Each structure stands twice: as C-alpha cells, then as structure tokens.
Amino acid sequence: ATLFFEYRTVSALVDHLLDARREQVERWVGPAPAATIRTSDVAPLRSATAVEVDDACLRERAVLALRRLVASTLQRPLPQVDADVPLEKYGIDSI
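Residues numbered from 1 in each chain as written. Predicted model: local features only at pLDDT ≥ 70, side-chain atom pairs only at ≥ 80, totals over all residues. Heavy atoms only, no water.

Student: Give a detailed account of the nonpolar core, specifying residues and quantitative values.
Tutor: One finds V10, V14, L18, V25, V63, L66 and V81 to be the most contacted residues of the largest nonpolar core, which totals 15 residues. Looking at this core, the elements that each hand over two or more residues are α1 (10–29) and α2 (50–74). With six residues, the top contributor of residues to this core is α2. (Core = buried A, V, L, I, M, F, W, Y, C linked by side-chain atoms within 4.5 Å. Buried < 20%, exposed > 50% of the residue type's maximum accessible area, 1.4 Å probe, protein only. Helix = DSSP H or I, 4+ residues; strand = E, 2+ residues; numbered from the N terminus.)

Dropping the structure here:
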C-alpha cells in the first residue's frame, strides 16, 4: 500500500506536527527557549507576545531539523533542501 503525503512541503508538515504533536516535536528538537528579546526594543515585534516568539523559534528549529533529516536521507547538502519546495521534487511523494 502507498500513503501519499497530505502535507506536501517540509513547512506544511512541520505546521501539522506542531498542531497535532507539539510535545513530541519539542522532545525531538528540544523545548523552545524563553524569549530573550524584549519586544518593546524591537519595532516589528512590539505586538508579539513571548509565547508567539517561542512558537516561532520552535517552528524554525523543527523546520531545520526536518530539512536536515530529508537532506541526510537523500544524501544532499542542506542548502539544496528548501522548506517550501514540494517534497515530490526530491522524489518523496509517497511512503
């Protein structure tokens, strides 16, 4: 049997995993560190809360970890694995 990916990119898969299995993602990449940036000091982040900053950090680290896994599996340099390119472009369209 073949299972086609519902989430076509690394980014989409990470978003799904964070929604469905956040605790497992945190264990995999480690918990997001507490925000060290004071949002009042950075204009674009003024409205961001510490939770939003932590979520963004966790997402960024999860995307990097999944890109590394794909790159390693395909024996490609990390820069060749883009988080927003459909996985089928790398030959990964079903498992």
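Student: I'd like a rundown of the pattern of salt bridges, residues and numbers included.
Tutor: Enumeration over the complete set of coordinates arrives at three salt bridges. Across the pair R22 and E26 runs a salt bridge, and its minimum N-O distance is 3.1 Å. Of this pair, R22 and E26 both sit in helix α1, four residues apart, which is roughly one turn of the helix. Judged by relative accessible area, which is 30%, R22 ranks as partly exposed. Beyond isolated ion pairs, a larger network of salt bridges with shared partners links R22, E26 and D55. (Salt bridge = Lys/Arg side-chain N within 4 Å of Asp/Glu carboxyl O.)

Student: Go over the environment of E6 with me, naming the residues and quoting the values.
Tutor: Following the sequence through the fold, E6 ends up in the segment before α1. Distance in space between the C-alpha atoms of E6 and D93 is 9.6 Å, their sequence separation being 87 residues.

Student: Describe the side chain of S11, and please don't skip the residues or the numbers.
Tutor: Checked against the element boundaries, S11 lands in helix α1. Taking relative accessible area as the criterion, S11 reaches 8% and is therefore assigned buried. Ignoring anything within four residues of it in the chain, the contact list for S11 reads R59, A83 and D84. (Contact = heavy atoms within 4.5 Å.)

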